[in-house]
Amino acid sequence: MNPFPLILSAPSGGGKTTIARRLLEWRPDVGYSISCTTRKPRAGETTGRDYFFLTSEEFRERRERGEFAECAEVHGHWYGTLRSEIERVLADGQHVIMDIDVQGAAQLARAYPHAVLVFVLPPSADVLLARLRARKTEDRASLARRMMSALEELRHAEDYHYVVVNDDLDRAVARVSAVIDAETSRRERVHNLEEQVRSLTERLEREVDNNSPK
Ligand code: ADP
Ligand code: 5GP
């Protein structure tokens, strides 16, 4: 097994957090990198589980120490992925799933060229708006800001390796799961391919020799 970072991006309300949570429940080979943010926790969120909630000062200090693999300002707050979080999950032998914005995804793809980038698309703008409103996590101003960012994020869908439409949740989760399986079998990721092929070849050649007419 050769674990890799899996980046999920989507316009706000597109469903990347929900899909990431489902994959974490269903797939033991997937782990989560907990991001840092300067935004305030929402009701029910705790530090060290949903995010590491930092002050702006703490975030700046950690950035200056080079602790982030990527960081970006999103919806007026700072967000960043700690190198130590990615390494922790990969060292556990799990693919590391990250739910990050398009700016962060581009930085991360440079730092980890073997990362797989998946863009989650809502089935329509009306569905996206309805989901964002139904989530009831934002006030009016924050909702407007998220819609503006959604427009910007949508422009980057073309930079991703895969695009998954989040119409029915189970189907969308199954599609991302299929991407993980396909990527695991990519030739470049298969461990000791040369050795595996050589041992198969040697055995078969012996058999051919033994069976060839003398
Ligand atoms: P994001 O993390 O991309 O901002 P969320 O995962 O928070 O988006 O999803 C936004 C809202 O839409 C949440 O209330 C979530 O429960 C809901 N949602 C996500 N995917 C679906 C789906 N396929 N069908 C119905 N509701 C969904
Ligand atoms: P939320 O505040 O709703 O949890 O997240 C807002 C946005 O920040 C989402 O688009 C989410 O993908 C992005 N985000 C979350 N964590 C990170 C991170 O570590 N880095 C970057 N660049 N974006 C992140």
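Residues numbered from 1 in each chain as written. Chains lettered and ligands numbered in written order. Predicted model: local features only at pLDDT ≥ 70, side-chain atom pairs only at ≥ 80, totals over all residues. Heavy atoms only, no water.

Engineer: Tell me about the sheet that holds strand β9 (residues 162-165), residues and numbers included.
Structural biologist: The strand order across the open sheet built from five strands is β2-β7-β1-β8-β9, with neighbouring strands paired in parallel fashion. Only two strands of the sheet have a single partner each, and these edge strands are β2 (30-32) and β9. Neighbouring strand axes in the sheet, compared pairwise and without regard to direction, differ in orientation by 30° on average. Sheet strands touched by helix α7 (residues 169-184): β1 (5-9), β2, β7 (95-99), β8 (116-121) and β9. Its angle to β9, the strand with the most contacts, is close to 160°. (Pairing = 2+ DSSP bridges. Helix = DSSP H or I, 4+ residues; strand = E, 2+ residues; numbered from the N terminus. Axes fitted to C-alpha atoms, helices over the stretch in contact; angles between N-to-C directions. Contact = heavy atoms within 4.5 Å.)

Engineer: Which residues make up the site of ligand 1, and what are the values?
Structural biologist: Around ligand 1, a shell composed of 14 residues is seen, among which Gly13, Thr17, Thr18, Arg135 and Asn166 lie nearest. Thr18 has a polar side-chain atom sitting 2.5 Å from an oxygen atom of ligand 1. Separating a nitrogen atom of ligand 1 from a side-chain N or O atom of Arg131 is a distance of 3.3 Å. Coverage of ligand 1 by the protein amounts to 76% of the 560 Å² it exposes when considered alone. Looking at the shell around ligand 1, the elements with two or more residues in it are α1 (16-26) and α5 (125-135). The element contributing the most residues to the shell around ligand 1 is α1, with three residues. (Near = heavy atom within 4 Å. Polar contact = N/O pair within 3.5 Å; in protein donor to acceptor, adjacent residues only side chain to side chain. Areas by Shrake-Rupley, 256 points an atom, 1.4 Å probe, with all protein chains shown as cover.)

Engineer: Go over the packing of α1 against α7, please, and point to the residues and values.
Structural biologist: As a packed pair, α1 and α7 sit with axes 10 Å apart at the nearest point and diverge in direction by 65°. On the basis of the axis angle, α1 is roughly perpendicular to α7. With respect to the hand of their crossing, α1 and α7 are arranged in right-handed fashion. Residues Thr18, Ile19, Arg22, Leu23 and Trp26 of α1 lie in contact with α7, whose contacting residues are Leu169, Asp170, Ala172, Val173, Val176, Ser177 and Ile180. (Parallel < 35°, antiparallel > 145°, perpendicular 65-115°, else oblique. Left-handed = near helix turned anticlockwise from the far one by under 90°.)

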